[in-house]
Amino acid sequence: MELQRYWAVIWKWLWLIVIGIVVAGGISYIISWGMAPVYQATATIVVRETADPILSYEYSQSDVATHAQLIKKQSVMEEVINRLALPYSAAELEGKISTSTNANNNAGTPLIKVSAKDTDPLLAQQIADTTAAVYIEQHYEKLQADAEASLSLIQSDINQTSAQIDVLELRKNTVGLTPEEEDELAALKDNLQQLKSLRTRWNSQLAQALAAGGISLSEPASLPTSPVSPKTTLNVVLACILGLVVTTGGVFLNEYLDRSVKTAEDISKLTGLSVLGAVARFKTIEGKEE
């Protein structure tokens with residue numbers, strides 16, 4: 001019986017419900033149609049996690065998630081703006097760029113997706129590719145600087161060891177050395193040879209060391225052909241559902257608040273008495289209701 005009453009209410013106000021759905025969907029369509037389309041382009045960076053070929057080279061390999069965060073750092077954004085002559089601030093450009101990784105799904109080679117959104121599809125492609133390229137360049141510049149700093153430390157150790165050897169050699173040629181000093185001199189010479197050997201390896205394998213722990217562009221961004229927003233169809237569907245819910249809810253709320261007596265069933269509910277009869281309205285021959 002309750003279902004029949006619900007259906008009766010819906011049927012009574014069906015015209016209003018339909019209007020609510022149409023109005024909500026129409027407004028959503030007009031708003032979506034008036035919005036500028038936004039395109040998204042995505043470039044892919046591959047992260048190589050191979051072993052370091054130089055023994056004393058302490059390469060601080062950032063994990064994939066850290067790389068993804070550093071891509072949007074201010075120095076990268078500013079360089080992209082300069083190269084493309086963009087009318088954006090660093091913060092505005094950062095808002096147009098997003099990154100994602102496959103680090104959590106064990107998908108093999110670590111990848112970073114660099115996505116850029118813009119109302120101009122060509123500019124979205126250029127931003128994605130340039131952002132990836134700038135980050136890779138800055139990453140290698142940092143690796144080069146770290147490598148040169150380590151090589152400088154090796155050279156400093158060589159100079160210091162050579163100076164110690166010179167002092168002992170001078171003493172040996174003048175006053176002589178004790179057995180302990182002879183052992184120290186031999187150890188210093190051996191250490192010097194190892195340092196020079198290490199320096200040679202650094203000079204010959206530096207490029208290999210940089211490549212071993214580096215990142216590179218795996219796939220450049222392609223020119224997007226369809227916008228990612230606004231999603232007109234989805235927006236209209238959601239708006240129609242919202243219109244249905246709101247108007248239907250309003251209809252039932254109105255019926256709930258309406259305390260007027262309209263039917264025999266209403267009388268029975270209010271008085272608890274049975275209805276024995278009812279007087280129907282009918283029209284006379286002249287068409288007047290009595």
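Residues numbered from 1 in each chain as written. Predicted model: local features only at pLDDT ≥ 70, side-chain atom pairs only at ≥ 80, totals over all residues. Heavy atoms only, no water.

For helix α8 (residues 232-257), which comprises 26 residues, the first-to-last C-alpha distance of 37 Å matches the rise-based estimate of 38 Å (1.5 Å per residue) to within 8%. Within α8, the full set of buried residues consists of Ala239, Gly243, Thr247, Thr248 and Val251. (Helix = DSSP H or I, 4+ residues; strand = E, 2+ residues; numbered from the N terminus. Expected span 1.5 Å × (residues − 1). Buried < 20%, exposed > 50% of the residue type's maximum accessible area, 1.4 Å probe, protein only.)

This part is about helix α6 (residues 121-174). Taking 1.5 Å per residue, 54 residues should reach 80 Å; α6 reaches 80 Å between its end C-alpha atoms and fits that length. A side-chain oxygen of the first residue of α6 lies 3.0 Å from the backbone nitrogen of leucine 122; this N-cap is aspartate 120. Downstream of α6 by one or two residues, glycine 176 has phi in the positive range, about 90°. (Polar contact = N/O pair within 3.5 Å; in protein donor to acceptor, adjacent residues only side chain to side chain.)

Here the focus is the nonpolar core. Membership of the largest hydrophobic core comes to 28 residues, with the highest contact counts inside it found for Ile45, Leu86, Leu93, Ile97, Ile112 and Ile127. Those elements giving two or more residues to this core turn out to be β1 (39-47), α3 (64-70), α4 (74-84), α5 (90-96), β3 (111-118) and α6. When residues in this core are grouped by element, the largest group, eight residues, is from α6. When neighbours within four sequence positions are excluded, isoleucine 112 is seen to be in contact with Ala43, Thr44, Ile45, Val47, Val64, His67, Ala68, Ile71, Ser100 and Thr101. The next biggest cluster of nonpolar side chains, apart from the first, holds 12 residues, and it includes Ala147, Ile154, Ile158 and Leu198. (Core = buried A, V, L, I, M, F, W, Y, C linked by side-chain atoms within 4.5 Å. Contact = heavy atoms within 4.5 Å.)

Glancing now at the sheet that holds β3. Read from one edge of the open sheet, four strands run β2-β3-β1-β4, paired in antiparallel fashion. In the strand order of this sheet, the two ends are held by β2 (97-101) and β4 (215-219), each with one partner. Across the sheet, the mean angle separating the axes of adjacent strands is 30° when strand polarity is ignored. Bridge count between β2 and β3: five bridges; the pairing is antiparallel. When the sheet's bridge partners are listed, serine 98 is paired in β3 with serine 115. (Pairing = 2+ DSSP bridges. Axes fitted to C-alpha atoms, helices over the stretch in contact; angles between N-to-C directions.)

Time to look at the packing of aromatic side chains. Tallied over the full model, the rule gives two aromatic pairs. Here the aromatic rings of tryptophan 7 and tryptophan 11 are separated by 6.1 Å at their centres, their planes lie at 35°, and the arrangement is tilted. Of this pair, tryptophan 7 and tryptophan 11 both sit in helix α1 (residues 2-12), four residues apart, which is roughly one turn of the helix. Using a relative accessible area of 53% as the deciding quantity, one classes tryptophan 7 as exposed. Ring centres 6.1 Å apart and planes at 35° place the aromatic pair tryptophan 13 and tryptophan 15 in the tilted group. (Phe/Tyr/Trp six-rings, centres within 6.5 Å; stacked < 30°, edge-to-face > 60°.)

One pass over the full model with this rule turns up five salt bridges. Between glutamate 79 and arginine 83 there is a salt bridge whose closest N-O contact spans 2.9 Å. With glutamate 79 and arginine 83 both in helix α4, this residue pair falls four residues apart, about one helical turn. By relative accessible area, which is 27% here, glutamate 79 ends up partly exposed. The partner of arginine 83 in a salt bridge is glutamate 137, and the shortest N-O contact between them spans 2.5 Å. Separated by 54 residues along the polypeptide, arginine 83 in helix α4 and glutamate 137 in helix α6 bring together distant segments of the chain. When its relative accessible area of 41% is taken as the criterion, arginine 83 is described as partly exposed. Counted as one network, the salt bridges with shared partners bring together Glu79, Arg83 and Glu137. (Salt bridge = Lys/Arg side-chain N within 4 Å of Asp/Glu carboxyl O.)

Bringing the side chain of aspartate 118 into the picture now. Note that aspartate 118 resides in strand β3. Judged by relative accessible area, which is 3%, aspartate 118 ranks as buried. Among the polar contacts made by the side chain of aspartate 118, one reaches the side chain of lysine 96 at a distance of 3.4 Å. The residues touching aspartate 118, leaving out its near neighbours within four places in the chain, are Pro37, Val38, Tyr39, Tyr88, Lys96, Leu123, Ala124 and Ile127.

Here threonine 44 shows up in strand β1. Polar side-chain contacts of threonine 44 include one of 3.1 Å to the side chain of lysine 113. Residues contacting threonine 44, with those up to four places away along its chain left out, are Leu111, Ile112, Lys113, Ser216, Leu217, Ser218 and Glu219.

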